[in-house]
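# Coordinates in review
Okay, here's what each chain looks like letter by letter:
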Amino acid sequence: MRHLPPTFHLNTTNTTWNVPMYLLQRAGQSLLWGSRDTIMSSQTDAEPADINMMMCFCASCGVTGGDETKKLKRCTACKLVHYCSVKCQKEHRPQHKRACKKRATELRDEILFRRPASSNCGDCPICCLPLSLDPKKCRIMGCCSKTVCHGCDFTKQMSELKQVRKQTCSFCRHPSPETQAELDQIRLKRIETNDPLALRETGLKQRDKGNYISAFEYYTKAADLGDVEAHFHLCASYALGQGVEMNEKKKLYHMEKAAIEGHVKARFNLGIHEWNLGVNEGKVGSFERAAKHFIIAANLGCIKSMENLKQCYENGLISKEDYTVALRAHHDILDAMKSPQRDAAEESLRNEWFIPTFNVD
């Protein structure tokens, strides 16, 4: 029977080496991730309280960091060992590589499995309640690029209908465009200001038209500006080969990037990916990692993840306590997404008479 291993929070990223050189080289068979020319970060980039340069040694030649002319730099992958030059780093690579890769993976997992405060959807800027994960229950306003829940949008529309006023944006009260040309002009203005949401939505429109290369370019711009959803679409582009060559490594990179920032679908897909690794390749620890992903996604409101967690519990992959905690957190976030206004909007949608205000579509 498999059980989730306990969570370890290692805090060695700010380790200061103050041991003789031969011990440093023996203990620091440490850690290098990536290319041969891994970039080293400046020691001064660390937090003020974590480094005493007088007590640090170069892992290759043993020189101390007390001399102003010898400012040690820390390996950016493992953040454990220091070097006085790129030459020393390259010479120490054969001893350092295996442990560095292991430690870099641990550091990455600490970030990957850290539960985000909320989903990437965030809160409605009007009622300040968590937005639903269902895109049909929220509106992206084209004029200000704000995402508003359908409850607030519905309430605003009912007020305007009663007062016989012109329809406006639910957030900024900009008059609703009357033609598609006006809406396109508003979108172009948002793109000119490098609005990440407008860039991403334009990329989706290009994708729907079959212009995959153009869509990929818009996704990339939006992702560089911090749009989490754009990372998810970049993941899909690399997975399907739309506008770019298929690349499994980059697909996983963008999927993890989105999941770290609270993207629920990306988190769920990572769980499925790990599960498939365990089933198809027999990779050790994959089922436990999948369960961790499902727990985080369930805590953010993913119903499918909660269903998968039930199967994990029945198969002994997680304990009863872990399952109970995840189930309570799942119900709590779903309850937090409810409001009388949203219930009224949903009822009107079922009756097919609620027409949402304009959005980026």
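As shown above, the structure is provided for reference.
Residues numbered from 1 in each chain as written. Predicted model: local features only at pLDDT ≥ 70, side-chain atom pairs only at ≥ 80, totals over all residues. Heavy atoms only, no water.

The next thing to look at is helix 7 (residues 228-240). With 13 residues, helix 7 should reach 18 Å at 1.5 Å per residue; the first-to-last C-alpha distance of 19 Å fits that figure. Helix 7 sits mainly inside the fold: 10 of its 13 residues count as buried. For helix 7, the set of buried residues is Val 228, Glu 229, Ala 230, His 231, Phe 232, His 233, Leu 234, Cys 235, Ser 237 and Tyr 238. Residue Asp 227 occupies the N-cap position of helix 7, its side-chain oxygen lying 3.5 Å from the main-chain nitrogen of Glu 229. Trailing helix 7 by a residue or two, Gly 241 shows a phi angle of about 70°, which is positive. (Helix = DSSP H or I, 4+ residues; strand = E, 2+ residues; numbered from the N terminus. Expected span 1.5 Å × (residues − 1). Buried < 20%, exposed > 50% of the residue type's maximum accessible area, 1.4 Å probe, protein only. Polar contact = N/O pair within 3.5 Å; in protein donor to acceptor, adjacent residues only side chain to side chain.)

Before going further, it helps to spend a moment on the layout of surface pockets. The computed volume of the second largest pocket comes to approximately 1400 Å³. Contributing to the lining of the second largest pocket are 50 residues, with Cys 121, Ser 132, Leu 133, Asp 134 and Pro 135 lying nearest its centre. Mapped by element, the contributors of at least two residues to the lining of the second largest pocket are strand 4 (138-140), helix 5 (196-208), helix 7, helix 9 (264-281), helix 11 (303-314) and helix 13 (340-350). With seven residues, the single largest contributor to the lining of the second largest pocket is helix 5. (1 Å grid on protein atoms, 1.4 Å probe; cavity = no way out; pocket = protein on both sides within 12 Å on 5 of 7 lines; lining within 4 Å. Points joined across faces, edges and corners; volume = space filled by probe spheres on them.)

This part takes up the packing of helix 10 (residues 286-299) against helix 11. At a minimum axis separation of 8 Å, helix 10 and helix 11 run at an interaxial angle of 140°. Here helix 10 is positioned oblique relative to helix 11, judged by the angle of their axes. At the point where helix 10 passes helix 11, the crossing takes the left-handed sense. For the pair helix 10 and helix 11, contact is made by Ala 291, Phe 294, Ile 295, Ala 297 and Ala 298 and by Ser 305, Met 306, Asn 308, Leu 309 and Cys 312, respectively. Looking at the contact of helix 10 with helix 11, its residues break down into eight nonpolar, two polar and no charged. (Axes fitted to C-alpha atoms, helices over the stretch in contact; angles between N-to-C directions. Parallel < 35°, antiparallel > 145°, perpendicular 65-115°, else oblique. Left-handed = near helix turned anticlockwise from the far one by under 90°. Contact = heavy atoms within 4.5 Å. Nonpolar A, V, L, I, M, F, W, Y, C, P; charged D, E, K, R; others polar.)

Here we come to unusual backbone geometry. Of note, Val 164 is a non-glycine position whose phi angle comes to about 55°, a positive value. With respect to the secondary-structure elements, Val 164 resides in the loop between helix 3 (150-162) and helix 4 (180-192). Positioned with a positive phi, Asn 194 is a non-glycine residue whose angle comes to about 60°. Assignment of secondary structure puts Asn 194 in the loop between helix 4 and helix 5.

Moving on, we come to the packing of aromatic side chains. If you walk through the whole model with that rule in mind, you get four aromatic pairs. Ring centres of Tyr 313 and Tyr 323 lie 5.1 Å apart, and the angle between their planes is 5°; on these two criteria the pair is classed as stacked. Of this pair, Tyr 313 sits in helix 11 while Tyr 323 sits in helix 12 (residues 320-336), placing them 10 residues apart in sequence. Residue classification places Tyr 313 among the partly exposed positions, given a relative accessible area of 32%. Using a relative accessible area of 15% as the deciding quantity, one classes Tyr 323 as buried. Sitting above the plane of the Tyr 218 ring, Lys 221 keeps its charged end 5.8 Å from the centroid. Above the ring of Phe 113, the side-chain terminus of Lys 292 is found at 5.1 Å from the ring centroid. (Phe/Tyr/Trp six-rings, centres within 6.5 Å; stacked < 30°, edge-to-face > 60°. Lys NZ or Arg CZ within 6 Å of the ring centre and 35° of its normal.)

Attention now goes to helix 12. The terminal C-alpha atoms of helix 12 lie 24 Å apart, and with 17 residues this matches the ideal 24 Å at 1.5 Å per residue to within 8%. Residues of helix 12 that are buried include every one of Tyr 323, Ala 326, Ala 329 and His 330, and no others. Each buried residue of helix 12 sits inside an arc of 135° when the element is viewed along its axis, so together they form one side. Exposed residues pointing more than 90 degrees away from the buried face of helix 12 are listed as Lys 320, Glu 321, Val 325, Arg 328 and Asp 332. Buried-residue contacts for helix 12 involve helix 10 and helix 11. (Arc of directions from axis to C-beta.)

By the definition in use, this model includes zero disulfides. In this model Cys 144 remains outside any disulfide bridge; the closest cysteine sulfur is found in Cys 169, 3.8 Å from its own. (Disulfide = S-S within 2.5 Å.)

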